[in-house]
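# Structure at a glance
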Amino acid sequence: DGLVIDCNCLETCRPLSGPVSGGPDAPRYDREIARAFFNLYKAHTGLKHQTVDTVHGFTVDVYGPLSLKRNDMRLYNLSNINDRLHQLCNIRMIGDSAYPLDTNCVIYPLNGPIRPILKTIRVEVEHNYGRLATMFKFLRNLDKMKLMENRAATKVFVVATILRNCNVGLYGCQSASKFGVGIHPGFMQAYLTSVPDVP
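Notes on the structure in this doc start here. On a predicted model such as this, the values are computed, not experimentally measured, just so you know.

## Points about the overall build of the protein
For the protein, the count of helices and strands is seven helices and six strands. Helices (α) and strands (β) of the protein occur, in sequence order from the N terminus, as β-α-β-β-β-α-α-β-β-α-α-α-α. Split into buried and exposed, the 199 residues of the protein put 41% on the buried side. At a minimum sequence separation of 6, the contacts of the protein that also span at least 24 residues come to 62%. About 11,400 Å² of surface is accessible on the protein, with carbon and sulfur atoms providing 55% of the total.

## What about the side chain of Ser79?
If you trace the backbone, Ser79 turns up in helix 2 (residues 72-79). Its relative accessible area of 5% is what places Ser79 among the buried residues. Engagement of the side chain of Ser79 in a polar contact is seen with the backbone oxygen of Tyr76, the distance being 3.0 Å. When neighbours within four sequence positions are excluded, Ser79 is seen to be in contact with Gln50, Tyr63 and Arg84.

## Some words on the environment of Ala153
Considering the arrangement of structural elements, one finds Ala153 in the loop between helix 4 (115-135) and helix 5 (156-171). When the C-alpha positions of Ala153 and Thr12 are compared, they lie 8.4 Å apart, and in sequence the two are 141 residues distant.

## What about the nonpolar core?
Core analysis: the biggest nonpolar cluster contains 13 residues, and Leu10, Leu132, Leu139 and Phe157 have the highest contact counts within it. Mapped by element, the contributors of at least two residues to this core are strand 1 (3-11), helix 4 and helix 5.

## Description of the side chain of Asn128
Here Asn128 lies in helix 4. Polar contacts involving the side chain of Asn128 include one to the side chain of Asp53, which spans 2.8 Å. Filtering out sequence-adjacent residues up to four positions away, Asn128 remains in contact with Asp53, Gly57, Arg164 and Ser175.

The rules we used
Residues numbered from 1 in each chain as written. Predicted model: local features only at pLDDT ≥ 70, side-chain atom pairs only at ≥ 80, totals over all residues. Heavy atoms only, no water. Helix = DSSP H or I, 4+ residues; strand = E, 2+ residues; numbered from the N terminus. Buried < 20%, exposed > 50% of the residue type's maximum accessible area, 1.4 Å probe, protein only. Contact = heavy atoms within 4.5 Å. Areas by Shrake-Rupley, 256 points an atom, 1.4 Å probe, with all protein chains shown as cover. Polar contact = N/O pair within 3.5 Å; in protein donor to acceptor, adjacent residues only side chain to side chain. Core = buried A, V, L, I, M, F, W, Y, C linked by side-chain atoms within 4.5 Å.

Shown next, in the form of structure tokens:
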């Protein structure tokens, strides 16, 4: 089926890194705001996006952002991706063990002959995240990713993903080469006319 679901962690600056306004007695941001975005396991503050990618290297669905404190299942349930795919055309997607075995979600088994194939397909989504970070250094610039000062920080990942999809459509990517899949010549025109506006 060729769809892979995973979540990406986008590190940001700590929200309580300064006063709310200027002046010597200016109030500071509430510490609870910082705690709301801090992931103890990853040991940093940030946002989390859920993506669904194809073996061609395209990201076909992005949900989020939510706080990095939230786990993958929270995004999965809120995105309603399982029902949306079922209504669309009953497509199955591959996820890691964090995801449930659902009508349209398949997790790769802990052992068995099919595990290496499914795991290889799922690992390709990590290459997509890596390419995104390589192409758009802004995503790793914590000075620009200040949640309380720059509201655009919540939209940067989605916009960068759309632009990376365009790059993949024009030049291909590692995933498409690895699985020997080609991109239809009319893809870019169809893609650019179907991309929704980012609110």
